[in-house]
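Reading the structure
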Amino acid sequence: MSAIPGDHAHDRQQSKKAAASAWIGSALEYYDFFIYATAASLIFPQLFFPSNNPTVAIVASLATYGVGYVSRPIGAFVLGHWGDTHGRKQVLVLCMFLMGFSTIAVGLLPTYSQVGILAPILLVILRLIQGFAVAGEISGASSMTMEHAPFGRRGFFASFTLQGVQAGQILAAAVFLPLAAYMPTEAFNTWGWRIPFLLSFIVIIVGYIIRREVDETPAFAAEEKQGEVARAPIVEAFATSWPDMLRVVCMALMNVIPVVTTIFGAAYAVQAAYGVGFHKDVYLWIPVLGNILAVVVIPMVGNLSDKIGRRPPIIVGALGSGLLSFGYLYAISIANVPLAIVMSLLMWGVVYQGYNAVFPSFYPELFPTRTRVSAMAISQNVGTAITAMLPALFATVAPPGSANIPLTIGSIALAITAVAAVAAWSARETYRIPMKDLGQPRAVPLPQAEYDRLRNQAMA
């Protein structure tokens, strides 16, 4: 492959190993994150937040889901700094250990009936550690994969980071499905729910084995060799890249769609107080099927973004999924399981992936190598933290017994996705910019013909 001036020669095997590491690491780490989300919707209100008022219990339980996002900006500062000063590989192993141990501990917690107020306090502490750990995962894995990928294929390779996230969600629901379906309710509420959390010991073992096999990225290794590693990447990121960091904050508000699909949607469909009456095992299939479709769609969209650019898929994905949220919530409101599944497949499985598949390449491409992990981690996690309290907000503005729940929640979701679309539209296009020029506002993209030639060589 002809080299681009300033770009590093890419080892094809390392490109594949980096993508596999990002995929498996994200799958395992987000398995941990989402089994908590599933439990917060389905059983934690009864186990950790008993109340005579079911609305209070639901809001309190969903708020602990949000707490995990509150600690993410803190984790982003610490882990982003670590990734830019010690390397992408080190920070990813650290994230894995933190997440694995905190998740196992959730599975060992006593309930409210056993130790009283100490139970929800411990639950919140462990959720804070989970959020801290996951803050460095996507930025570290995306940066590592993008920096290992050949020019012209960055969107495709980086998309495997998010394909792994979707696979982790499938795994999370797949573990809960047989337990919720086949265990007696009393046994499931007593000890069955703990099984998915305790299985996280696999995260620590498998994750470490996989990630130690990947080399540090050529871009970071070159900076380290030349003594150009930033000493204060966070300060430098805010000083030089704050407009793009602000754009990423706004685009990361797209987290509203998974919140609507898997968190509020689950509580709305399953919790007895809302009166919809979906069975737990039936409802759990909705995000599973959407994620299975997403796993297929993501690399296709990532590849498309290498052809037409990063911005078009993100803008279409943002506005389209925001509009479809109305239909999805309406299907739940009329207790129509087939329609809810179809709307989930469209909104979550297909349209939302226009954003989801592309941001792992687009975000790190907006920033230079010196500050890439810090800038992406901080801005992305601030954006997701803003959406963190949406489940509790949704349950507050649309509590059990209120009218027009689909219209209320759908309108909020659409307004938020519109903000993300505008942010993407205002950003510069990055897919034809060489690695050495990434993060420079006035960087000149390669001419289309030259880019296409190099991309075809990379695909040969």
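Residues numbered from 1 in each chain as written. Predicted model: local features only at pLDDT ≥ 70, side-chain atom pairs only at ≥ 80, totals over all residues. Heavy atoms only, no water.

Description of the overall build of the chain
Each helix and strand counted, the chain has 24 helices and 0 strands in total. On C-alpha atoms alone, the chain measures out to a radius of gyration of 21 Å, which is about the 23 Å that the 2.2 N^0.38 rule sets for 460 residues. Each of the 460 residues in the chain was classed as buried or not, and the buried ones make up 60%. The long-range fraction of contacts in the chain, counting pairs at least 24 apart against all pairs at least 6 apart in sequence, stands at 85%. About 16,400 Å² of surface is accessible on the chain, with carbon and sulfur atoms providing 69% of the total. Charge separation in the chain, taken as the distance between the mean sites of 27 positive and 23 negative side-chain charges, equals 3 Å. (Helix = DSSP H or I, 4+ residues; strand = E, 2+ residues; numbered from the N terminus. Rg over C-alpha atoms; globule rule 2.2 N^0.38 Å. Buried < 20%, exposed > 50% of the residue type's maximum accessible area, 1.4 Å probe, protein only. Contact = heavy atoms within 4.5 Å. Areas by Shrake-Rupley, 256 points an atom, 1.4 Å probe, with all protein chains shown as cover. Lys, Arg positive; Asp, Glu negative; His and termini not counted. Charge placed at Lys NZ, Arg CZ, Asp CG, Glu CD.)

Describing the side chain of Thr-371
With respect to the helices and strands, the residue Thr-371 is situated in the loop between helix H20 (359–365) and helix H21 (372–386). Here Thr-371 is in contact with Asp-84, Pro-233, Glu-236 and Ala-237, once residues within four sequence places are set aside.

Here we look at empty space enclosed by the protein
Under the criterion given, the structure shown has 2 cavities of 30 Å³ or more. Taken together, 20 residues line the largest cavity, and the ones lying closest to its centre are Tyr-30, Leu-162, Asn-255, Tyr-352 and Asn-356. Contributions of two or more residues to the lining of the largest cavity are made by helix H1 (12–42), helix H3 (54–70), helix H9 (154–182), helix H19 (353–356) and H21. Its residues assigned to classes, the lining of the largest cavity comprises 13 nonpolar, 6 polar and 1 charged. (1 Å grid on protein atoms, 1.4 Å probe; cavity = no way out; pocket = protein on both sides within 12 Å on 5 of 7 lines; lining within 4 Å. Points joined across faces, edges and corners; volume = space filled by probe spheres on them. Nonpolar A, V, L, I, M, F, W, Y, C, P; charged D, E, K, R; others polar.)

Focus: the packing of aromatic side chains
Tallying each qualifying case throughout the model produces 15 aromatic pairs. Measuring from ring centre to ring centre gives 6.0 Å for Phe-48 and Trp-193, while their planes differ by 85°; the resulting arrangement is edge-to-face. One end of the pair, Phe-48, is in helix H2 (residues 44–48); the other, Trp-193, is in the loop between helix H10 (185–192) and helix H11 (194–198), and 145 residues separate them in sequence. Neither Phe-48 nor Trp-193 differs from the other in exposure class; each is buried. Both rings, one in Tyr-355 and one in Phe-359, keep their centres 5.1 Å apart while their planes meet at 25°; by these two values the pair is stacked. Across this residue pair, the class does not change: Tyr-355 and Phe-359 are buried. Three or more aromatic residues link up through ring pairs in this structure, and these residues are Trp-348, Tyr-352, Tyr-355, Phe-359 and Tyr-363. One residue, Arg-153, lies across the ring of Phe-156, its end atom 4.4 Å from the ring centre. (Phe/Tyr/Trp six-rings, centres within 6.5 Å; stacked < 30°, edge-to-face > 60°. Lys NZ or Arg CZ within 6 Å of the ring centre and 35° of its normal.)

Some thoughts on the environment of Thr-85
Positionally, Thr-85 belongs in helix H4 (residues 72–86). C-alpha of Thr-85 to C-alpha of Ala-272: the two residues are 187 residues apart in sequence and 50 Å apart in space. Sequence-distant contacts of Thr-85, defined by excluding residues within four places in its chain, comprise Phe-220, Val-229, Ala-230, Arg-231 and Pro-233. Separated by 2.7 Å, the side chain of Thr-85 and the backbone oxygen of His-81 make a polar contact. A polar contact is formed between the side chain of Thr-85 and the side chain of His-86, at a distance of 3.0 Å. (Polar contact = N/O pair within 3.5 Å; in protein donor to acceptor, adjacent residues only side chain to side chain.)

Description of the pattern of salt bridges
Throughout the structure, instances matching the rule amount to 15 salt bridges. For the salt bridge of Arg-211 with Glu-137, the shortest nitrogen-to-oxygen distance reads 2.7 Å. Of this pair, Arg-211 sits in helix H12 (residues 201–211) while Glu-137 sits in helix H8 (residues 137–148), and the two are 74 residues apart along the sequence. Overlapping salt bridges, with partners in common, bring together Arg-154, Asp-306, Arg-310, Glu-365 and Arg-455 in one network. (Salt bridge = Lys/Arg side-chain N within 4 Å of Asp/Glu carboxyl O.)

Describing H12
Among the residues of H12, Val-203, Ile-204, Gly-207 and Arg-211 are the ones counted as buried. Buried residues of H12 fall within an arc of 95° about the axis and therefore sit on the same side. (Arc of directions from axis to C-beta.)

Side note on unusual backbone geometry
The phi dihedral of Ala-335 is positive, around 55°, even though this residue is not glycine. With respect to the helices and strands, the residue Ala-335 is situated in the loop between helix H17 (311–333) and helix H18 (337–351).

Topic: the environment of Thr-145
The topology assignment puts Thr-145 in helix H8. The class of Thr-145 is buried, set by a relative accessible area of 1%. Setting aside residues no more than four positions away along its own chain, Thr-145 makes contact with Ala-18, Ala-19, Ala-22, Phe-157, Ala-158 and Thr-161.

Looking at the packing of helix H15 (residues 256–270) against H18
It is the contact of H15 with H18, at a shortest axis distance of 11 Å, that shows an interaxial angle of 150°. Between H15 and H18, the crossing angle belongs to the class labelled roughly antiparallel. Where H15 crosses over H18, the two elements pack in a sense that is left-handed. Of the residues in H18, those touching H15 at Ile-257, Pro-258 and Thr-261 are Ser-344, Met-347 and Trp-348. In terms of residue class, the contact of H15 with H18 is built from 4 nonpolar, 2 polar and no charged. (Axes fitted to C-alpha atoms, helices over the stretch in contact; angles between N-to-C directions. Parallel < 35°, antiparallel > 145°, perpendicular 65-115°, else oblique. Left-handed = near helix turned anticlockwise from the far one by under 90°.)

Let's talk about the nonpolar core
Formed by 102 residues in total, the largest nonpolar core has its most connected members in Phe-44, Phe-48, Trp-193, Phe-197, Met-251 and Tyr-355. Dropping the residues within four chain positions of it, Met-251 is found in contact with Ile-314, Tyr-355, Phe-362, Tyr-363, Leu-366, Ala-420, Ala-423 and Ala-424. Residues Val-91, Cys-95, Ala-141 and Val-214 belong to the second largest nonpolar core, which totals 9 residues. (Core = buried A, V, L, I, M, F, W, Y, C linked by side-chain atoms within 4.5 Å.)

A short note on a nonpolar patch on the surface
A cluster of nonpolar side chains, Phe-97, Phe-101, Leu-199, Phe-201, Ile-202, Ile-205, Val-206, Tyr-208 and Ile-209, forms an exposed patch at the surface whose accessible area comes to about 760 Å². Where the nonpolar patch is concerned, the elements lending two or more residues are helix H5 (88–106) and H12. The element that contributes the greatest number of residues to the nonpolar patch is H12, accounting for 6 residues. Along the polypeptide, Phe-201 turns up in helix H12. The class of Phe-201 is partly exposed, set by a relative accessible area of 43%. (Patch = residues over 30% accessible without salt bridge, like charges linked within 9 Å, V, L, I, M, F, W, Y side chains within 5 Å.)

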